[in-house]
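Single-letter residue listing:
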Amino acid sequence: MNHSFENKIAVVTGASSGIGLAIAQELTALGATVIITGRDADKLTSAISTLGPDASKFQVDVSNLTELDAFYEHIHTRFGRIDILIANAGMGEVEPLGQITPEKFDRQFATNVRGITFTVQKALPLMGQGSSVVITGSTSSINPGAGLSVYGATKAALRAMVRSWILDIKGAGIRINILSPGPVDTQSLRDFLPGKAEDLLQSLSERSPIGRIGRTEEIAKAVAFLASDDAGYINGAEIFADGGASQV
Ligand code: NAD
């Protein structure tokens, strides 16, 4: 497979680190003009230094609709369109039943559900025939495990919404899919269990049918495929890149 994204305008949200940054690097390597977003100016600056000269950055919190409007106004003025939208910004917190707080509940839904909803909806006027949206989900959408009920619910909500959205925009020529990773070695995964990161990574590896956790580049390649014309008949799907973890 050899996708080319020459002359494509690609937006990757939450790309100052982890999976989003790897996706931005992959799309850049395949020729796309990439715009990355994130909340932290310093992290964005260091991320952009790993991308090509055509890449640019914009500071935006996806849970803030005013900031999202400013971002899309910038894209409209500077680029005129979006060919590929990777709605990746997201976060999760461990909170077992009995310890779920309204603050953490709202924060996860505000970022993962509300943030993704308006990231996609506000991009639509800039997207046309042959364009593609890929949302970063999670195996937690079907198999959240202990303590991740709220996080899993946010990712399951995305699947439900995408199945409806593809009907809402029928005929627009815009595909929308979800790429759901299993555990991937990023700082945020390591931060999930403070002080016990190595134990967590080892137990996740042992539980995985493939015997290890994922690498950000592997997720990036799967996302690039879904965003490419090679996936032209794949629409409304949730594809798992998880070494089989969600299937057992
Ligand atoms: P990460 O923390 O490195 O990346 C998350 C990115 O989203 C960061 O750039 C962060 O700044 C950004 N972000 C978070 N909230 C935001 C907001 N309100 N506005 C704008 N940006 C925001 O973590 P990651 O592991 O690379 O996670 C990326 C995505 O992958 C998330 O959607 C996460 O749920 C999903 N995911 C991760 C794993 C894993 O094991 N790492 C597994 C399954 C799914």
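In what follows, the structure referred to is the one given above.
Fair warning: this is a prediction, and the values are worked out from it, not measured in the lab.

What counts and how
Residues numbered from 1 in each chain as written. Predicted model: local features only at pLDDT ≥ 70, side-chain atom pairs only at ≥ 80, totals over all residues. Heavy atoms only, no water. Helix = DSSP H or I, 4+ residues; strand = E, 2+ residues; numbered from the N terminus. Polar contact = N/O pair within 3.5 Å; in protein donor to acceptor, adjacent residues only side chain to side chain. Contact = heavy atoms within 4.5 Å. Near = heavy atom within 4 Å. Areas by Shrake-Rupley, 256 points an atom, 1.4 Å probe, with all protein chains shown as cover. Axes fitted to C-alpha atoms, helices over the stretch in contact; angles between N-to-C directions. Parallel < 35°, antiparallel > 145°, perpendicular 65-115°, else oblique. Left-handed = near helix turned anticlockwise from the far one by under 90°. Nonpolar A, V, L, I, M, F, W, Y, C, P; charged D, E, K, R; others polar. Salt bridge = Lys/Arg side-chain N within 4 Å of Asp/Glu carboxyl O. Buried < 20%, exposed > 50% of the residue type's maximum accessible area, 1.4 Å probe, protein only.

Within the secondary structure, Ser-180 sits in strand S6 (residues 174-181). Within polar-contact distance, the side chain of Ser-180 engages the side chain of Glu-238 at 2.5 Å. Not counting residues within four places of it along the chain, the set of residues in contact with Ser-180 comprises Gly-137, Ser-138, Thr-139, Glu-238, Ile-239, Phe-240 and Ala-241.

Looking now at the site of the ligand. Surveying the vicinity of the ligand reveals 26 residues, the closest of which are Ser-17, Ile-19, Tyr-151, Thr-186 and Ser-188. The backbone of Gly-14 places a nitrogen or oxygen atom 3.2 Å from an oxygen atom of the ligand. Its free accessible area being 810 Å², the ligand has 91% of it covered by the protein chains. Listed by contribution, the elements that provide at least two residues to the shell around the ligand are helix H1 (18-29), helix H5 (149-168) and helix H6 (187-192).

On to the packing of helix H3 (residues 65-78) against helix H4 (residues 102-123). Following both chains from N to C, one finds H3 and H4 inclined at 30°, their axes separated by 10 Å at the closest point. The orientation of H3 relative to H4 falls into the category roughly parallel. Two packed elements cross with a definite hand, and for H3 against H4 that hand is right-handed. For the pair H3 and H4, the contacting residues are Leu-65, Leu-68, Asp-69 and Tyr-72 in the first and Arg-114, Gly-115, Phe-118, Thr-119, Lys-122 and Ala-123 in the second. Counted by class, the contact of H3 with H4 contains five nonpolar, two polar and three charged residues.

Next up on the list: the pattern of salt bridges. Any two side chains of opposite charge can pair if their charged atoms end up close together. If you walk through the whole model with that rule in mind, you get ten salt bridges. Salt-bridge contacts for Glu-93 lead to Arg-107; the nearest nitrogen and oxygen are separated by 2.7 Å. Residue Glu-93 is located in the loop between strand S4 (84-87) and H4, and its partner Arg-107 is located in helix H4; the two are separated by 14 residues in the primary sequence. Overall, the relative accessible area of 39% leaves Arg-107 in the partly exposed class. Residues participating in the shared-partner salt-bridge network are Arg-212, Arg-215, Glu-217 and Glu-218.

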